[in-house]
Amino acid sequence: MRPYLDPDEIRDRFSKAMSDMYQLEVPQYGTLLKLVDAVNRETLDRDPDLHARLCDQQELARLRVERHGAIRVGTAKELATLRRLFAVMGMFPVGYYDLSEAGVPVHATAFRPMDDAALKRNPFRLFTSLLRLELIEDQALRARASDILEKRQIFTERALELITIFEQQGGLTDTEADQFVSEALETFRWHQQATVDHATYQALAQEHRLIADVVCFKGPHINHLTPRTLDIDEVQRRMPDVGITPKDVIEGPPRRQWPILLRQTSFKALEESIDFADHHDGTHTARFGEIEQRGVALTPKGRALYDRLLRTARTRTEGLANEAHQQVLAEVFEAFPDDVDTLHREGLAYFDYHLRDRAGLSGPVNSDTLKALIEQNIVRAEPITYEDFLPVSAAGIFQSNLGGRSDHSYEGNANQAAFEAALGAEVTSELDLYARREQASIDRLRTELTG
Ligand code: OOG
Ligand code: NI
């Protein structure tokens, strides 16, 4: 048998190639990476406990490779082919995100590694949105957009061949993998040439800027990449010092002792010059840089509390600048426990249980004794990092880069079944993944304690 490369290795190569390409395309992204790196170092120097905890959880090694990106596609066929392309790199569709609720005519999933080892190796994921032409009221415009999309081919011939080879032989050799990475990269490259004339671009942009972004170009250019920061407030504060303009507010929960879910901010998308098919010059704003700070994954109970508090806070944060916005969030989120013990006791977050010391122990582990074991310092409850996205935050990111327009006529259109039909597969529930991982750690503990 010929030796095949681990898909995790292909993903690692791909995420690095993508980052290199994007730094060349958007130099501010390189500047952002340097700032994030500096702030991460300072944070670790200042907080030896955090440093030790990240070491323990083997999080330190992946801090510098941690990235996500986002793309937007126009047709079911494009989405389904992307699913096959990402499978080559061990990335699978997890979660369903309905952005119509937030006035953006797309729904989405995240292609990401699913198991522990793969996430540790390289957690690179791509937030992938599918345009929903069916939400456009103007029939003629809808038909025009669909026509344009039908005509384009966003994958190179060789990329398609290599996907088929992967599926047939069950893997790619080292040489094939390198070729695959460089061919796959072509799909996500920026093209300064639009495929349509300026009038068509304008008509589509008038309906929604996002529609123009998806329909008028040769392919789904990567629209941002996102490194992971340990102190998002500090990076937000310092962006202007390095000449980049941050988005108005940090999305997600407030700063906490024990971070939950995901906090995100970005710099504003660049206005880039475009050559239209009729040689008309114009501009388009699509590409930006983002940062994220990840915390613990919440159980359905914890998530319901988060959603409720966020809704409450949002009635009071409209139009506020970041500092005041964060102040309101902090007040409202006082109702969300901020210590590991309470998070654990009240079943608000997911944990990975590890045995510290098994001396003098035997007998079964049920949830009562698990609590006791934690209290006795025999078992350590490690927060499981949230690996997914938040629809309200995602909408905030979309809007900050698309001129802030939110169209309420798109609302109330969640349709996971239609998304899955387009994808050609079901999406895995992110909550199932966290619950399974927690349960696996309990099972492991049980064997360790009885074995
Ligand atoms: C995707 C926005 C969502 C995130 O981090 O929540 C996203 C997009 O603008 O295409 O990337
Ligand atoms: Ni993002």
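Residues numbered from 1 in each chain as written. Chains lettered and ligands numbered in written order. Predicted model: local features only at pLDDT ≥ 70, side-chain atom pairs only at ≥ 80, totals over all residues. Heavy atoms only, no water.

Turning our eyes to something else, we now look at the site of ligand 1. Every residue lining ligand 1 is accounted for by His68, Ala70, Arg72, Phe127, Asn223, His224, Gln264, Glu290, Phe389, Ala394 and Phe398. Taking Asn223, its side chain carries an N or O atom lying 3.0 Å from an oxygen atom of ligand 1. Between ligand 1 and Gln264, the relevant distance is 2.5 Å, taken from an oxygen atom to a side-chain nitrogen or oxygen of the residue. About the coverage of ligand 1: the protein hides 100% of its 320 Å² of free accessible area. Within the residue set of the shell around ligand 1, elements represented by two or more residues are strand 1 (67-73) and helix 17 (391-401). Ranked by residue count, the leading element in the shell around ligand 1 is strand 1, at 3 residues. Its residues placed into classes, the shell around ligand 1 shows 5 nonpolar, 4 polar and 2 charged. (Near = heavy atom within 4 Å. Polar contact = N/O pair within 3.5 Å; in protein donor to acceptor, adjacent residues only side chain to side chain. Areas by Shrake-Rupley, 256 points an atom, 1.4 Å probe, with all protein chains shown as cover. Helix = DSSP H or I, 4+ residues; strand = E, 2+ residues; numbered from the N terminus. Nonpolar A, V, L, I, M, F, W, Y, C, P; charged D, E, K, R; others polar.)

A few words now on the coordination of the nickel ion (ligand 2). By definition of the ideal shapes, a tetrahedral metal site with four donors has angles of 109.5 degrees and an octahedral site with six donors has angles of 90 or 180 degrees. Coordination of the nickel ion (ligand 2) by the protein is provided by His68 (NE2), His224 (NE2) and Glu290 (OE), with metal-donor distances spanning 2.1 Å. When the donors of the nickel ion (ligand 2) are listed by position in the chain, the intervening gaps give H-x155-H-x65-E. Taken together, the residues His68 in strand 1 and His224 in strand 5 (residues 224-227) connect sequence positions 156 residues apart. Note on accessibility: His68 and His224 belong to one class, buried. (Donors = N, O, S within 2.8 Å, 3.2 Å for Na, K, Ca; no water. Buried < 20%, exposed > 50% of the residue type's maximum accessible area, 1.4 Å probe, protein only.)

Quick look at helix 1 (residues 7-25) now. Taking 1.5 Å per residue as the helical rise, helix 1 with its 19 residues ought to reach 27 Å, and the 26 Å between its terminal C-alpha atoms agrees with that figure. Buried within helix 1 we find Asp8, Ile10, Arg11, Asp12, Phe14, Ser15, Ala17, Met18, Ser19, Met21, Tyr22 and Glu25. Where helix 1 is buried, its residues touch helix 2 (27-46), strand 1, helix 6 (116-121), strand 4 (125-131), helix 9 (174-187) and strand 5. The N-capping residue of helix 1, defined by a side-chain oxygen 3.0 Å from the backbone nitrogen of Asp8, is Asp6. (Expected span 1.5 Å × (residues − 1). Contact = heavy atoms within 4.5 Å.)

Attention shifts here to the side chain of Gln236. Position of Gln236 among the secondary structure elements: in helix 12 (residues 232-238). For Gln236, the residues in contact, after removing those within four places along its chain, are Pro246, Lys247, Asp248, Ile250, Thr265 and Asn322.

This brings us to the environment of Leu329. For Leu329, the location among the structural elements is in helix 14 (residues 322-332). C-alpha of Leu329 to C-alpha of Phe398: the two residues are 69 residues apart in sequence and 21 Å apart in space. Not counting chain neighbours up to four residues away, the residues in contact with Leu329 comprise Gly252, Pro253, Pro254, Leu310 and Ala313.

The next point concerns the packing of aromatic side chains. Taken as a whole and judged by the stated rule, the model has 15 aromatic pairs. With a centroid separation of 5.7 Å and 50 degrees between ring planes, the pair formed by Tyr306 and Phe333 is classed as tilted. Of the two residues, Tyr306 sits in helix 13 (residues 300-317) while Phe333 sits in the loop between helix 14 and helix 15 (340-345), which places them 27 residues apart along the sequence. In this structure Phe333 comes out as buried when scored by relative accessible area, which is 4%. The positively charged end of Arg294 is found above the aromatic ring belonging to Phe389, 5.6 Å away from the centroid. (Phe/Tyr/Trp six-rings, centres within 6.5 Å; stacked < 30°, edge-to-face > 60°. Lys NZ or Arg CZ within 6 Å of the ring centre and 35° of its normal.)

With that out of the way, let us pick up the nonpolar core. With 57 residues, the main nonpolar core has Phe86, Phe180 and Phe188 as its most contacted residues. One finds Ala108, Leu210, Ile211 and Leu402 within the second-largest nonpolar core, a separate group that totals 37 residues. (Core = buried A, V, L, I, M, F, W, Y, C linked by side-chain atoms within 4.5 Å.)

Where like charges cluster on the molecular surface, the negative patch consists of Asp339, Asp341, Glu346 and Glu375. Following the sequence through the fold, Asp339 ends up in the loop between helix 14 and helix 15. Since its relative accessible area comes to 31%, Asp339 is described here as partly exposed. (Patch = residues over 30% accessible without salt bridge, like charges linked within 9 Å, V, L, I, M, F, W, Y side chains within 5 Å. Salt bridge = Lys/Arg side-chain N within 4 Å of Asp/Glu carboxyl O. Lys, Arg positive; Asp, Glu negative; His and termini not counted. Charge placed at Lys NZ, Arg CZ, Asp CG, Glu CD.)

For Thr285, the position within the fold is in strand 8 (residues 281-285). Among the polar contacts made by the side chain of Thr285, one reaches the side chain of Arg209 at a distance of 2.7 Å. With residues up to four places along the chain from it excluded, the contact list for Thr285 reads Arg209, Ala269, Leu270, Glu271 and Asn401.

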